[in-house]
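# Fold and contact review
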Amino acid sequence: MFTLTHGKLIERIVENNPLSPAIETQVQQIAEYGTRELLKDAIALYKTPNPAARQDSVEKIWGALERLKTYYTNLDKRGSANKVVNDMSNGKSEFITIFDDEFRALTDIGNSFRIRHHEANKIDITDNRHYDYFFNRCLSLIALAIQYLK
């Protein structure tokens, strides 16, 4: 269930984990400091054996998702988000629809569940496997998007 890294850190082993060394390398290459640091923190928290850290990892990766939408600082938030989606889609309308819908769905999840907001009316996440699902779903979209950042 756990491994000891070369840096003497204990990391949990997750079966069928989409988090790969290639994705971690791509994260290191993100030019925008805030997005890069949020993703690095999210990944480090996700890998820790402490089950309570999963909530923090999901909160951090959702912060990275929101920050990614404003990656292009010369554009407003909507313009920047549209540029990210258009670049990912290579201008193909079918893919624009898919990726725009996925960004919107993840935003809705972050706003409805106790991920980014902690008001009393938010849905609690009580099963750590759901945190793994949310983390990996968000990571999948971000991992694709960062391949297209300029």
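Right, let's walk through the structure included here. (Residues numbered from 1 in each chain as written. Predicted model: local features only at pLDDT ≥ 70, side-chain atom pairs only at ≥ 80, totals over all residues. Heavy atoms only, no water.)

### Brief notes about the overall build of the protein
Looking only at helices and strands, the protein features six helices and two strands. The linear arrangement of helices and strands in the protein, starting from the amino end, is β-β-α-α-α-α-α-α. Over its C-alpha atoms the protein spans a radius of gyration of 16 Å, differing by no more than 12% from the 15 Å that the globule rule assigns to 150 residues. Based on the C-alpha atoms only, the size of the protein along its principal axes is roughly 45 × 40 × 25 Å. Out of the 150 residues in the protein, the part that is buried amounts to 40%. Within the protein, contacts between residues separated by at least 24 positions form 59% of all contacts whose residues are at least 6 apart in sequence. With the model as given, the accessible surface of the protein reaches about 8500 Å², and the carbon-plus-sulfur share is 53%. Side-chain charges in the protein split into 20 positive and 20 negative, and the spacing between the mean points of these groups amounts to 3 Å. (Helix = DSSP H or I, 4+ residues; strand = E, 2+ residues; numbered from the N terminus. Rg over C-alpha atoms; globule rule 2.2 N^0.38 Å. Buried < 20%, exposed > 50% of the residue type's maximum accessible area, 1.4 Å probe, protein only. Contact = heavy atoms within 4.5 Å. Areas by Shrake-Rupley, 256 points an atom, 1.4 Å probe, with all protein chains shown as cover. Lys, Arg positive; Asp, Glu negative; His and termini not counted. Charge placed at Lys NZ, Arg CZ, Asp CG, Glu CD.)

### Focus on helix α5 (residues 93-112)
Its 20 residues give α5 an end-to-end C-alpha distance of 28 Å, which sits within 8% of 28 Å, the value for a rise of 1.5 Å per residue. What α5 keeps buried is the set F99, D100, F103, L106, T107, I109 and G110. Each element contacted by the buried residues of α5 is listed here: α3 (53-68), α4 (77-89) and α6 (128-145). (Expected span 1.5 Å × (residues − 1).)

### Examining the nonpolar core
Buried together is how nonpolar side chains tend to be arranged in soluble globular proteins. The biggest cluster of nonpolar side chains holds 36 residues, and the ones touching the most others in it are I61, W62, L65, F103, F135, I142 and L149. Breaking this core down by element, the ones donating at least two residues are α1 (21-28), α2 (33-47), α3, α4, α5 and α6. Take this core: its biggest share by element is nine residues, from α6. Excluding its chain neighbours within four sequence positions, the residues that come into contact with I142 are L39, I61, A64, L65 and L68. (Core = buried A, V, L, I, M, F, W, Y, C linked by side-chain atoms within 4.5 Å.)

### Comments concerning the pattern of salt bridges
As enumerated under the stated definition, the model contains 15 salt bridges in all. Across the pair E37 and R36 runs a salt bridge whose closest N-O atoms are separated by 3.8 Å. The partner of R114 in a salt bridge is D124, with the nearest N and O atoms 2.4 Å apart. Taken as a pair, R114 in the loop between α5 and α6 and D124 in the loop between α5 and α6 lie far apart in primary sequence, ten residues in all. The structure contains a network of salt bridges with shared partners spanning R78, D100, D101 and R104. (Salt bridge = Lys/Arg side-chain N within 4 Å of Asp/Glu carboxyl O.)

### Some words on the packing of aromatic side chains
Considering all chains together, one arrives at six aromatic pairs under this definition. Centre to centre, the rings of Y71 and Y72 are 5.1 Å apart; their planes meet at 80°, and the pair counts as edge-to-face. In terms of burial, Y71 and Y72 fall into one category: buried. Aromatic rings pair up to connect W62, F113, Y133 and F134 into one cluster. The lysine or arginine in question, K83, covers the ring of Y72, its NZ or CZ lying 5.0 Å from the ring centre. (Phe/Tyr/Trp six-rings, centres within 6.5 Å; stacked < 30°, edge-to-face > 60°. Lys NZ or Arg CZ within 6 Å of the ring centre and 35° of its normal.)

Distances and angles like these do not, on their own, reveal function.
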